[in-house]
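Examining the three-dimensional arrangement
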Amino acid sequence: MDIDWGTLAGVFGVSLGITVVVVVMFSLGLATWARAGHREAAPDTPPGRQQKVAAVTAVLCFAACLAVAAYGIDLIVPV
C-alpha cells in the first residue's frame, strides 16, 4: 500500500480552507444579525436601511454556510 502524500496534503489544505471560510461566514452572519437588531443608524443613511442591509447580509452568510454543508453531505451520502 502506497500513500500519495501530495494528494493527501491537497485534501488537507482544501478541507482546512473550507473550514476557515465556513467559520468566518458564520461569524460574519452572527455579527451582522446582531447589528440588524440595533436601532442606531449611520448619519448618512435612512434609519431603517442599515438594519435591512444587515439582515439580508446575515441571511446570505447563513445560506452560504448551509450550501457548503449540504454539498458536503451530498458528497458523503451515496445516491
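Anything mentioned here points back to the structure above.
Residues numbered from 1 in each chain as written. Predicted model: local features only at pLDDT ≥ 70, side-chain atom pairs only at ≥ 80, totals over all residues. Heavy atoms only, no water.

1. Describing the overall build of the protein
Counting its secondary structure elements, the protein contains two helices and zero strands. Counting across all 79 residues of the protein, residues that qualify as buried make up 10%. Long-range pairs, those at least 24 residues apart, make up 56% of the contacts in the protein with a sequence separation of at least 6. Carbon and sulfur atoms form 74% of the exposed surface of the protein, whose accessible area is close to 6400 Å². (Helix = DSSP H or I, 4+ residues; strand = E, 2+ residues; numbered from the N terminus. Buried < 20%, exposed > 50% of the residue type's maximum accessible area, 1.4 Å probe, protein only. Contact = heavy atoms within 4.5 Å. Areas by Shrake-Rupley, 256 points an atom, 1.4 Å probe, with all protein chains shown as cover.)

2. Section: the side chain of Thr 32
Of note, Thr 32 is situated in helix α1 (residues 5–36). At 3.1 Å, the side chain of Thr 32 forms a polar contact with the backbone oxygen of Gly 29. Contact partners of Thr 32, with chain neighbours within four places excluded, come to Ala 54, Thr 57 and Ala 58. (Polar contact = N/O pair within 3.5 Å; in protein donor to acceptor, adjacent residues only side chain to side chain.)

3. As for the packing of aromatic side chains
Tallying each qualifying case throughout the model produces two aromatic pairs. Summarising the aromatic geometry, the rings of Phe 26 and Phe 62 are spaced 5.3 Å apart at their centres and angled 55° between planes, so their arrangement reads as tilted. In this pair, Phe 26 sits in helix α1 while Phe 62 sits in helix α2 (residues 47–76), placing the two residues 36 residues apart along the sequence. Take Phe 26: its relative accessible area is 42%, and that puts it in the partly exposed class. Linked through ring pairs, Phe 26, Trp 33 and Phe 62 together constitute an aromatic cluster. (Phe/Tyr/Trp six-rings, centres within 6.5 Å; stacked < 30°, edge-to-face > 60°.)

4. Some words on the environment of Val 53
Relative to the helices and strands, Val 53 is located in helix α2. Overall, Val 53 belongs to the partly exposed group, its relative accessible area being 46%. With 20 residues separating them in the primary sequence, Val 53 and Trp 33 have C-alpha atoms 9.9 Å apart.

5. Section: a nonpolar patch on the surface
Judged by side-chain polarity, Tyr 71, Ile 73, Leu 75, Ile 76 and Val 77 come together as a nonpolar surface patch covering roughly 580 Å² of accessible area. Along the polypeptide, Ile 73 turns up in helix α2. Given a relative accessible area of 53%, Ile 73 falls into the exposed group. (Patch = residues over 30% accessible without salt bridge, like charges linked within 9 Å, V, L, I, M, F, W, Y side chains within 5 Å. Salt bridge = Lys/Arg side-chain N within 4 Å of Asp/Glu carboxyl O.)

6. Comments concerning the environment of Arg 49
Topologically, Arg 49 is positioned in helix α2. In the structure, Arg 49 is positioned 13 residues away from Ala 36 in sequence and 9.8 Å away in space, judged by C-alpha atoms.

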